[in-house]
Amino acid sequence: MELNDFKNWLSDVLNEMDNGILADIDTNEKKNIFYLRMIDGSGFETKCYKK
């Protein structure tokens, strides 16, 4: 699987999630990072790379 295919899959999964916990998703395509903001105000950063 190519990195872009994985990022597309991950984006689809996150967008289909129950919105009861996920408030917003931002991305940085150049850095391959997903920024996840949760409804409780916490945030997470997920970096994607292929080994």
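Preceding this paragraph is the structure being described.
The structure contained in this document is the topic of the report that follows. (Residues numbered from 1 in each chain as written. Predicted model: local features only at pLDDT ≥ 70, side-chain atom pairs only at ≥ 80, totals over all residues. Heavy atoms only, no water.)

1. Concerning helix α1 (residues 3-16)
Now for step 1: Its 14 residues place the ends of α1 20 Å apart at the C-alpha level, agreeing with the 20 Å of an ideal helix rising 1.5 Å per residue.
Now for step 2: Those residues of α1 that sit buried are Lys7, Leu10 and Leu14. Looking down the long axis of α1, one finds its buried residues gathered within 65° of arc, a one-sided arrangement. Among the exposed residues of α1, those pointing more than 90 degrees away from its buried face are Asn15 and Glu16.
Now for step 3: On the buried face of α1, the contacting elements are β1 (22-28) and β2 (33-38). (Helix = DSSP H or I, 4+ residues; strand = E, 2+ residues; numbered from the N terminus. Expected span 1.5 Å × (residues − 1). Buried < 20%, exposed > 50% of the residue type's maximum accessible area, 1.4 Å probe, protein only. Arc of directions from axis to C-beta. Contact = heavy atoms within 4.5 Å.)

2. A few points about the packing of aromatic side chains
Now for step 1: Summed over the entire model, instances satisfying the criterion amount to one aromatic pair.
Now for step 2: Measuring from centroid to centroid gives 5.6 Å for Phe6 and Trp9, while their planes differ by 35°, and the two rings are tilted. Placement of the pair is Phe6 and Trp9 together in helix α1, with a separation of three residues, close to one helical turn. (Phe/Tyr/Trp six-rings, centres within 6.5 Å; stacked < 30°, edge-to-face > 60°.)

3. Focus: the sheet that holds strand β3 (residues 43-47)
Now for step 1: Strand order in the open sheet formed by three strands is β1-β2-β3, and the pairing between neighbours is antiparallel. Looking along the sheet, the strands with just one partner apiece sit at the ends: β1 and β3. If you compare each strand with its neighbour and ignore which way they point, the axes differ by 20° on average.
Now for step 2: With five bridges joining them, β2 and β3 adopt antiparallel strand pairing. (Pairing = 2+ DSSP bridges. Axes fitted to C-alpha atoms, helices over the stretch in contact; angles between N-to-C directions.)

4. A few points about unusual backbone geometry
Now for step 1: Even without glycine at this site, Asn32 takes up a positive phi of about 60°.
Now for step 2: Mapped onto the fold, Asn32 is located in the loop between β1 and β2.

5. Points about the pairing of β2
Now for step 1: When β1 meets β2, the two strands line up antiparallel, connected through six bridges. Residue pairing for β2: Leu22 is matched across the bridge by Met38.
Now for step 2: As consecutive antiparallel partners, β1 and β2 are separated by four residues, and within that stretch Asn32 has a phi angle of approximately 60°, a positive value.
Now for step 3: Where β2 folds back on β3, the antiparallel hairpin that results is connected by four residues, among which Gly41 adopts a positive phi of roughly 95°.

Keep in mind these values describe shape, not function.
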